[in-house]
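Per-entry structural report
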Amino acid sequence: MMDGMNEAGFTVSVLHLDGKPTQQASTGKKLTTTLDLRMMLDHAKTVDEALKILDGYDLCIPDNDGNYHFFMADATGRYAIVEFVYDKDHQSKIYIVDEYTGEDGKTHFKHPDVLPNTREVIEKRYASNFYVSETMACSDKGPKLSNHGKTRYDIMEFVLKQNSNQLSEEGAMNLLNGMSQAETPGNPTSHTQWSVVYNLSKRKATVCVNRDYKNKFTFYAKEYILCKRRFCREII
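Now for a description of the structure that goes with this document.

**Digging into the pattern of salt bridges**
All told, the structure shown has 10 salt bridges when counted by the stated rule. Lys-20 is paired through a salt bridge with Asp-98; the nearest N and O atoms lie 2.9 Å apart. Remark: Asp-98 occurs in the loop between helix H3 (93-96) and strand S7 (99-101) and Lys-20 occurs in the loop between strand S2 (11-17) and strand S3 (30-31); sequence separation between them is 78 residues. Its relative accessible area of 3% is what places Lys-20 among the buried residues. As a salt-bridge pair, Asp-42 and Arg-38 come within 3.0 Å of each other at their nearest N and O atoms. Of this pair, Asp-42 and Arg-38 are both found in helix H1 (residues 33-43), 4 residues apart, which corresponds to roughly one turn of the helix. One continuous salt-bridge network, built from bridges that share partners, spans Asp-48, Arg-78 and Glu-123.

Structure (structure tokens):
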């Protein structure tokens, strides 16, 4: 699972980034991105509550898996991108841009113990596959130099600004359609596998699969119901 919405109208997604993985070690309780996402959807009603949940755990991403950031929003209208960047003592280019290719042909780092473990919350309405934090501006993985998902990001930014950051559900799906990616030959997961428009006020999710934007599936998240002595979420 890479995104979702709960019965409170809180939604969160996780997007892949290039670069070193975040490997925090302060609480002693480690979670991967997908488990973090699951915890937030199970227990948070708002962005603020989700941030408190993240405070209680160490995000730990495996080596050689790049990094990730979270994009979240709630029914009150609050939204945020949560990134993990370098601390103030290690925000210079010498630490952030330290990759090199070894004699073995693999990627290595000059400062392998310097990791992006400091959380930053950025109030932005759109995200793609590069850091939006200005602390990463010197890197080709940051907001000024990265090309990973930059075209999609630019399209989102242009359309939202042209519409004063307000789109109908149909308009939002049309935007996702316009940004969708065809499959790259030899890479069966490179295409847009699903697109989702969340109406957080109505607790409604509209889904299109495999770039088929003519066929839409609609789901509603309802309040918890009691079944067999445990709480279950009902999706209709």
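**A short note on the environment of Lys-110**
Tracing the sequence through the fold places Lys-110 in the loop between strand S8 (107-109) and strand S9 (118-122). Measuring from C-alpha to C-alpha, the distance between Lys-110 and Ile-96 comes to 9.9 Å, with 14 residues separating the pair along the chain. Apart from the residues lying within four places of it in its own chain, the contact partners of Lys-110 are Asp-98 and Tyr-100.

**A few points about the nonpolar core**
Formed by 20 residues in total, the largest nonpolar core has its most connected members in Phe-10, Val-12, Met-40, Phe-70, Met-72 and Val-82. Listing elements by their share of this core, those giving two or more residues are S2, H1, helix H2 (47-55), strand S5 (67-73) and strand S6 (79-85). With 5 residues, H2 is the largest single contributor of residues to this core. If sequence neighbours within four positions are ignored, Met-40 has contacts with Asn-6, Phe-10, Val-12, Ala-50, Ile-53, Leu-54, Phe-70 and Met-72. One finds Ile-81, Val-132, Leu-175 and Met-179 within the second-largest nonpolar core, a separate group that totals 11 residues.

**Let's talk about a nonpolar patch on the surface**
Residues Met-2, Trp-194, Val-209, Phe-217 and Phe-219 make up a contiguous nonpolar surface patch of roughly 430 Å² in combined accessible area. Assignment of secondary structure puts Phe-219 in strand S12 (residues 217-227). According to the relative accessible area criterion, Phe-219 is partly exposed, its value standing at 37%.

What counts and what doesn't
Residues numbered from 1 in each chain as written. Predicted model: local features only at pLDDT ≥ 70, side-chain atom pairs only at ≥ 80, totals over all residues. Heavy atoms only, no water. Salt bridge = Lys/Arg side-chain N within 4 Å of Asp/Glu carboxyl O. Helix = DSSP H or I, 4+ residues; strand = E, 2+ residues; numbered from the N terminus. Buried < 20%, exposed > 50% of the residue type's maximum accessible area, 1.4 Å probe, protein only. Contact = heavy atoms within 4.5 Å. Core = buried A, V, L, I, M, F, W, Y, C linked by side-chain atoms within 4.5 Å. Patch = residues over 30% accessible without salt bridge, like charges linked within 9 Å, V, L, I, M, F, W, Y side chains within 5 Å. Areas by Shrake-Rupley, 256 points an atom, 1.4 Å probe, with all protein chains shown as cover.

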